[in-house]
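Structural characterization, general
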Amino acid sequence: MKIIAGSSSPMLAKNLARIMSVEIADVSIKRFPDGECYVKINEEIDHAIIVQNTYPDENIVELFLLQDAARRVANKVDVIIPYYGYGRQDKIFESGEAISAEKMARLIEQDADSIILINPHKEHIRNFFTKPVELCDAVPAVAEYFKGKVDAVIAPDKGALYMAKKAAEIIGCGYNHFEKTRISSNEVKMEIKDMDVEDKRLLILDDIISTGGTMRKAIELLKEQKAASIYAACIHGLFIGNADERILQAGCSELVATDTIETAYSKVSVAKEVAKLLRL
Ligand code: R5P
């Protein structure tokens, strides 16, 4: 068994290799002058475990080529997708749209014996695959990081409430979520019901930080309500533009993400949780 580390999450691949006591395979990954990708596996492998995101677009092609190359040399190919890009379009919202989460699944499983997804945007994404899929939950790893540091975990919306609840159980603190009420066509009120946040140390936890708009709004509202300190965390930190800086400027003490997408904020590794699934 060897790990094939794609370009997107080398730190996670390295952590995984260390925890599982397996080697990282010798693989060449290059770009031609026109931007096209070239990959070559430089050794014999019986069982390949590929670690690669489907985000941004160029990593998708790299993943497909790594899968194709692995299928040609190995007997078994497992694919770990730390951040399942294209997962947010998981249904038809308006007639005429594609379901990108489903299309990606169809393409990925062509050259995979099994797939591991880490906190895909919605759990039902697993049903788009016809091959065995395991879902890895990074929330316990994030919660461990915040043990003893916070008094409550806040979900920025109802969709992230299950994460706040789970993290709070591990940390041993309270949890809640923002409720959105539409005031008018262009005004939405966000509030936390049944919890006094004044003087509390709070962790806002979301699955994805993209533009950072959701997180910033949540921080501003908690500051208005006189929270003692605010931490911002996510599983997948995309940090589009200068989202990270703007979140920090909004007044949070620390910004934390995992190593599904490698950034300066990847302070929590999901490698242990992934290794548990690979050992099953
Ligand atoms: C939405 O459903 C997700 O859980 C995140 O809240 C969202 O992707 C965050 O986006 P942004 O950082 O652009 O506000």
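On to the domain arrangement of the chain, then. Under the domain assignment used here, the chain contains domain 1 (2-137 + 270-278) and domain 2 (140-259). Residue-level contacts link 14 residues of domain 1 with 13 residues of domain 2. Of the roughly 1200 Å² buried where domain 1 meets domain 2, counting both sides, 54% is carbon and sulfur surface. Contact with domain 2 buries area across many residues of domain 1, yet Tyr83, Asn119 and Asp137 alone supply 38% of it, more than any other trio. A salt bridge links Asp137 to Lys166; the nearest nitrogen and oxygen atoms lie 2.6 Å apart. The interface formed by domain 1 and domain 2 includes six residue pairs in polar contact (both at pLDDT 80 or more). A per-element tally of the side of domain 1 that touches domain 2 places helix α1 (residues 10-20) first, with three residues. For the side of domain 1 that touches domain 2, the per-class residue count stands at seven nonpolar, four polar and three charged.

With that settled, consider the packing of helix α4 (residues 139-146) against helix α5 (residues 161-171). Across the interface, α4 lies against α5 with an axial gap of 9 Å and an inter-helix angle of 50°. Considering their axes alone, α4 and α5 lie oblique with respect to each other. Note that α4 runs across α5; the crossing there is right-handed. Residue-level contacts link Val139, Pro140, Ala143, Glu144 and Phe146 of α4 to Met163, Lys166, Ala167, Ile170 and Ile171 of α5. Here the residues of the contact of α4 with α5 sort into eight nonpolar, no polar and two charged.

If you check the shell around the ligand, you find Arg88, His121, Asp206, Asp207, Ile208, Ile209, Ser210, Thr211, Gly212, Gly213 and Thr214 and nothing else. In this structure, Ser210 approaches the ligand through a main-chain N or O atom, which is 2.8 Å from an oxygen atom. Protein chains bury 78% of the 380 Å² of accessible surface belonging to the ligand in isolation. The residue inventory of the shell around the ligand, partitioned by class, reads two nonpolar, six polar and three charged.

Basis of the calculations
- By convention here, each chain's residues receive numbers from 1 onward along its written sequence.
- Given that the model is predicted, a residue must reach a pLDDT of at least 70 before its local features are reported, and side-chain atom pairs must reach 80 or more before they are shown or counted; all residues, however, enter totals for whole chains, interfaces and linings.
- The basis for the side-chain values is all heavy atoms of the structure; hydrogens and waters are excluded.
- Throughout, the edges of the domains are those of an automatic or database domain assignment.
- Here a residue-residue contact requires only that any non-hydrogen atoms of the pair lie within 4.5 Å.
- A simple way to read buried area is as the amount of 1.4 Å-probe accessible surface that goes missing from two parts once joined, with both sides added.
- Every case where a carboxyl oxygen of Asp or Glu lies within 4 Å of a side-chain nitrogen of Lys or Arg is listed as a salt bridge.
- In the analysis that follows, any N or O atom pair within 3.5 Å is treated as a polar contact, provided that within protein one partner can donate a hydrogen and the other can accept it, and provided that, for residues neighboring in sequence, both atoms belong to side chains.
- Only DSSP runs of H or I reaching four residues or more are called helices, and only runs of E reaching two or more are called strands; each is numbered from the N terminus.
- Only Asp, Glu, Lys and Arg are considered charged, only Ala, Val, Leu, Ile, Met, Phe, Trp, Tyr, Cys and Pro nonpolar, and every remaining residue, Gly among them, polar.
- For helices, the axis comes from a line fit to the C-alpha atoms of the stretch in contact; other axes are also lines fit to C-alpha atoms, and the angle between any two N-to-C directions lies between 0 and 180 degrees.
- Roughly parallel here means an angle under 35 degrees, roughly antiparallel means over 145, roughly perpendicular means 65 to 115, and every remaining angle is called oblique.
- Helix crossings are classified by the rotation of the near helix relative to the far one: an anticlockwise turn of less than a right angle makes the crossing left-handed, while a clockwise turn makes it right-handed.
- Definition of nearness: a residue and a molecule or strand are near each other if at least one heavy atom of the residue lies within 4 Å of the molecule or strand.
- We get accessible surface area from the Shrake-Rupley algorithm with a probe of 1.4 Å; when it comes to residues, only the shown protein chains can shield them.

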